[in-house]
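Examining the three-dimensional arrangement
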Amino acid sequence: MRLGSQSKIVRRNTFAKRRKGWIYGTLAAMGLCLLTFLVPDFVQAQQFDLLIKNGRVIDPKNQIDSKMDVAVKDGKIAKVGKDIPSAQAKKVIDASGLLVTPGLIDIHTHVFVGSKPDTFADGFSSVSPDDFTFRSGVTTVVDAGTSGWRNFSVFKDHVIDKSQTRVLAFLNISGTGMSGNPEQQDVNDMDAHMTSLAIKKYPDIIVGVKIGHFEGTEWTPFDRALEAARLSDVPLFVECHLPQLPLQEQLGKMRPGDIITHSFEKVSERMPVVDDQGTLRPFVLEAMNRGVLFDVGHGGFGFWFSQAMPALKQGLAPNSFGTDLHRFSMNAGMKSMLNVMSKYLAMGMSFEDIVLRASWNAAKSLKRTDLGQLSEGAVADIAVLSILNGNFGYVDAGGKKIEGKQKLEAELTVRGGKIVWDLNGLSAEK
Ligand SMILES: [Zn+2]
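What comes next concerns the included structure. (Residues numbered from 1 in each chain as written. Predicted model: local features only at pLDDT ≥ 70, side-chain atom pairs only at ≥ 80, totals over all residues. Heavy atoms only, no water.)

Focus: the environment of Ala 358
Here is the rule: Only DSSP runs of H or I with at least four residues qualify as helices, and only runs of E with at least two residues qualify as strands; both kinds are numbered from the N terminus onward. Only protein chains enter the accessibility calculation, which uses a 1.4 Å probe; a residue is then buried when its area is under 20% of its type maximum, exposed when over 50%, and partly exposed in between. The criterion used for residue contact is that any of the two residues' heavy atoms lie within 4.5 Å.
For Ala 358, the location among the structural elements is in helix H11 (residues 351-358). Judged by relative accessible area, which is 0%, Ala 358 ranks as buried. Taking the C-alpha atoms as reference, Ala 358 lies 8.2 Å from Gly 322; in sequence the two are 36 residues apart. Ignoring any residue separated from it by four or fewer positions in sequence, one finds Ala 358 in contact with Gly 103, Leu 104, Ile 105, Phe 321, Met 337 and Met 341.

In structure tokens form, the structure reads like this:
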């Protein structure tokens, strides 16, 4: 066979194949059109995985405080609007009378749990995040320096990667984190360079550097932590058990965007923000106006009404509601994120303002502006909260109590589009 006739046959076969392909393609397209035409409701019904209807949506980032519906698809917020039809979702939740907020963010926790006794790092004094978060509407926690660059990988392998809760971390300037004394007092193991290398290796998890629990008189640990934060362009988180370092100088060294916690502490180890006459110290207000962020950091000893109430009246509202969750604080006056928020509600703060601090403010302070909101396209981390009415008592670290008429409770928590907490079976079949 000559080459010419062979190429003719090949061309003919190719043409036949193309024509066949065109016919099949056209038939398939017609079929698809017919299917879409005949069953538009079916296609529409599959549009959303979850629809939370009729709740009071408070989304401070988007300045929403209104009765709205929130639709979720593929783990993301798909739509926020009024009267989204129930037929468009596979599962519908009636949130009438409930608050619908972004999943709450707790920027101060200790969750590097392990079996070492009397220790936070890989120890029994920390708690397991999933055990305490979702039941309080919390979907993201930040571990406040329980690990350092030497043991962060153990924390990541044992806790962060195993938790459904999103666990972020401030890395301790101390190489082994909160491993107890004398290790965490060893200034020679406070390495700004190694700390910043770990932050660069895990930029999605490590959001800042923590200094705290140092009992010495020198500024070296504080300065090294600040240096590591500078090298990595992340905030410094100051947990102020630094008894020998004066508060005014600490605040003076802090940059706008750095965070101080235990803001309303009244202990002998640190100068309180409000003086004995009940006046907020001017340098504290100046630091706030300069952009230093004040976190509650309630914990076991970090929150006193005698500090927090006059501070609030005189212009120092906390920027975020870090709870300092650990094995001891949760069974004392702190209890939970929602209890801390309810406390501020009892102190006169509005719902919008407490949700702002527990969501968008917290996200911004971590430079994680992808979180703490219900924008379309954002990860579907959602808290559905009920407001209980009655007589409630709120206790501080000093054993003082105030009374409130309202208390928040988590009805339903959604993490990445999945329902991870459902107190009264809102999502269950009847
Ligand atoms: Zn702490």
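What follows continues from the structure just given.
Quick notes on the pattern of salt bridges
Applied cut-off: By salt bridge we mean one thing: a side-chain nitrogen of Lys or Arg within 4 Å of a carboxyl oxygen of Asp or Glu.
All told, the structure shown has 13 salt bridges when counted by the stated rule. A salt bridge links Lys 90 to Asp 49; the nearest nitrogen and oxygen atoms lie 3.2 Å apart. Here Asp 49 lies in strand S1 (residues 48-59) and Lys 90 lies in strand S4 (residues 89-94), a separation of 41 residues in the sequence. Judged by its relative accessible area of 53%, Lys 90 falls in the exposed class. Between Arg 255 and Asp 258 there is a salt bridge; the shortest N-O distance is 2.9 Å. Through salt bridges with shared partners, a single ionic network connects Arg 56, Asp 65 and Glu 352.

Points about the coordination of the zinc ion
Selection criterion: Each metal's donors are the N, O and S atoms found within 2.8 Å of it, except that Na, K and Ca use a 3.2 Å limit; water is left out, so coordination can look incomplete. Every geometry call rests on angle ranges, with four donors termed tetrahedral when all angles are between 85 and 135 degrees, four termed square planar and six termed octahedral when opposite donors are over 155 degrees apart and all others are between 65 and 115, and everything else termed irregular.
Around the zinc ion, the protein supplies His 108 (NE2), His 110 (NE2), Glu 239 (OE) and Asp 324 (OD) as donor atoms, at distances of 2.1 to 2.4 Å. If you look at the zinc ion, its four donor atoms make angles of 80 to 142° with each other, and the shape they trace is irregular. In primary-sequence terms, the residues that donate to the zinc ion follow H-x1-H-x128-E-x84-D. Taken together, the positions of His 108 in strand S6 (residues 104-109) and Asp 324 in the loop between helix H9 (305-313) and helix H10 (337-346) put the pair 216 residues apart, joining distant regions of the chain. For the pair formed by His 108 and Asp 324, the shared burial category is buried.

Here's the deal with the packing of aromatic side chains
Stated precisely, the cut-off is as follows: Between the rings of Phe, Tyr and Trp (Trp by its six-membered ring), a pair exists once the centres lie within 6.5 Å; its type follows the angle of the planes, with under 30 degrees stacked, over 60 edge-to-face, and the other angles tilted. Note on criteria: charge over ring means Lys NZ or Arg CZ within 6 Å of the ring centre, with the direction from the centre no more than 35 degrees off the ring normal.
By the definition in use, this model includes nine aromatic pairs. When the centroid spacing of 5.9 Å and the interplanar angle of 65° are considered together, the rings of Phe 303 and Tyr 344 count as edge-to-face. Here Phe 303, found in the loop between strand S13 (293-294) and H9, pairs with Tyr 344, found in helix H10; they are 41 residues apart in sequence, far enough to count as distant. In this pair, the class of Phe 303 matches that of Tyr 344, namely buried. One aromatic cluster is present, formed by Phe 264, Phe 303, Phe 305, Phe 321 and Tyr 344 through successive ring pairs. Note that Lys 61 overlies the ring of Trp 360, its terminal NZ or CZ placed 5.3 Å from the centroid. The ring of Phe 124 carries the charged tip of Arg 327 above its face, separated from the ring centre by 4.1 Å.

Quick look at the packing of H10 against H11
Filter applied, for reference: Note on geometry: axes are C-alpha line fits, over the in-contact stretch for helices, and angles between N-to-C directions span 0 to 180 degrees. Note: crossing handedness is left-handed where the near helix turns anticlockwise from the far helix by less than a right angle, and right-handed where it turns clockwise. Any residue that is not Ala, Val, Leu, Ile, Met, Phe, Trp, Tyr, Cys, Pro, Asp, Glu, Lys or Arg is counted as polar, Gly included; the first ten are nonpolar and the last four charged.
At a minimum axis separation of 10 Å, H10 and H11 run at an interaxial angle of 145°. For the element pair H10 and H11, the recorded crossing hand is right-handed. Where H10 abuts H11, its residues Met 337, Met 341, Tyr 344 and Leu 345 lie against Phe 351, Ile 354 and Ala 358. The residue makeup of the contact of H10 with H11, split by class, is seven nonpolar, no polar and no charged.

Remember, this is a structural readout, not a statement about activity or role.
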